[in-house]
Amino acid sequence: MKKFLNNLGLKFQRFMAGRYGTDQLFRALLIAYLAVMIINAVVGRLSKIAYYALYAAGLIILIYAFFRVFSKNTEMRSYENRQYLAFIGKIKNSIALKRDKFSQRKTHKFVKCKSCKRVLRLPRHKGKIKVSCPHCKNEFIINTGKKV
């Protein structure tokens with residue numbers, strides 16, 4: 001039995017040689033598939049149309065995920081994964097900025113640079129101050145609140 005499993009493992013390794021394999025997008029697609037199936041289990045009892053629509057959507061997600069795993073076009077799959085990671089990175093950065101803004105709301109003021117639109121963190125209660133953006137070197141005046 002052990003020899004059979006070793007041979008099976010070697011055959012699978014040979015089959016996967018030159019194929020893309022799993023990545024972060026594959027994991028996200030599997031999570032999306034599971035979420036759709038859980039929603040299908042709840043909503044599918046209410047309507048047959050909803051059941052079949054969600055089942056088909058889940059099946060499409062699962063087929064696409066495994067298509068990516070077994071694909072030999074590794075450049076395209078890598079590009080798709082980079083696009084996904086860039087999109088998720090923007091969302092994570094946005095959430096982190098909102099968290100920082102909330103946690104530092106009493107001590108700092110967050111403003112956008114008028115030319116490059118980057119977010120700058122300024123101390124509160126300093127009155128009118130002249131700010132120079134570290135990214136684009138644009139200078140402007142901001143009122144950070146009354147001096148205490």
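Refer to the structure presented above.
Procedures and definitions
- Residues numbered from 1 in each chain as written.
- Predicted model: local features only at pLDDT ≥ 70, side-chain atom pairs only at ≥ 80, totals over all residues.
- Heavy atoms only, no water.
- Helix = DSSP H or I, 4+ residues; strand = E, 2+ residues; numbered from the N terminus.
- Buried < 20%, exposed > 50% of the residue type's maximum accessible area, 1.4 Å probe, protein only.
- Contact = heavy atoms within 4.5 Å.
- Areas by Shrake-Rupley, 256 points an atom, 1.4 Å probe, with all protein chains shown as cover.
- Lys, Arg positive; Asp, Glu negative; His and termini not counted.
- Charge placed at Lys NZ, Arg CZ, Asp CG, Glu CD.
- Salt bridge = Lys/Arg side-chain N within 4 Å of Asp/Glu carboxyl O.

Participant: Before we move on, could you go through the overall build of the chain and cite the residues and values that matter?
Facilitator: The helix and strand inventory of the chain stands at four helices and four strands. Taken from the N to the C terminus, the helices and strands of the chain come in the order α-α-α-α-β-β-β-β. In terms of overall dimensions, the chain has C-alpha extents of about 75 × 45 × 30 Å along its principal axes. Here the chain holds 148 residues, and 20% of them are scored as buried. Within the chain, counting contacts between residues at least 6 apart in sequence, those at least 24 apart form 38% of the total. On the chain, roughly 11,400 Å² of surface is accessible, and the fraction owed to carbon and sulfur atoms is 63%. When the 32 positive and 5 negative side-chain charges of the chain are each reduced to one mean point, those points stand 9 Å apart.

Participant: So, unusual backbone geometry: which residues are in play, and what are the values?
Facilitator: At K117, a residue that is not glycine, the phi angle is positive and equals roughly 65 degrees. Although it is not a glycine, H125 sits at a positive phi angle of roughly 60 degrees. Within the element layout of this structure, H125 appears in the loop between strand 2 (119–123) and strand 3 (128–132). Given a relative accessible area of 38%, H125 falls into the partly exposed group.

Participant: With reference to specific residues and values, describe the environment of L59.
Facilitator: Along the polypeptide, L59 turns up in helix 3 (residues 48–70). On a C-alpha basis, the gap between L59 and M37 in space is 9.2 Å, while along the polypeptide they are 22 residues apart.

Participant: Run through the pattern of salt bridges, naming residues and quoting values.
Facilitator: This structure, assessed with the given rule, holds four salt bridges. For E80, the salt bridge goes to R77, with nearest N and O atoms at 3.0 Å. In this pair, E80 and R77 both sit in helix 4 (residues 74–103), three residues apart, roughly one turn of the helix. For E80, a relative accessible area of 16% translates into the label buried. E139 is the partner of K130 in a salt bridge, and the nearest nitrogen-oxygen pair spans 3.3 Å. Accessibility expressed as a relative area gives 48% for E139, which makes it partly exposed. Each member of the salt-bridge network shares a partner with another, and the members are D23, R68, R77 and E80.

Remember that the coordinates give geometry; whether it matters functionally is a separate question.
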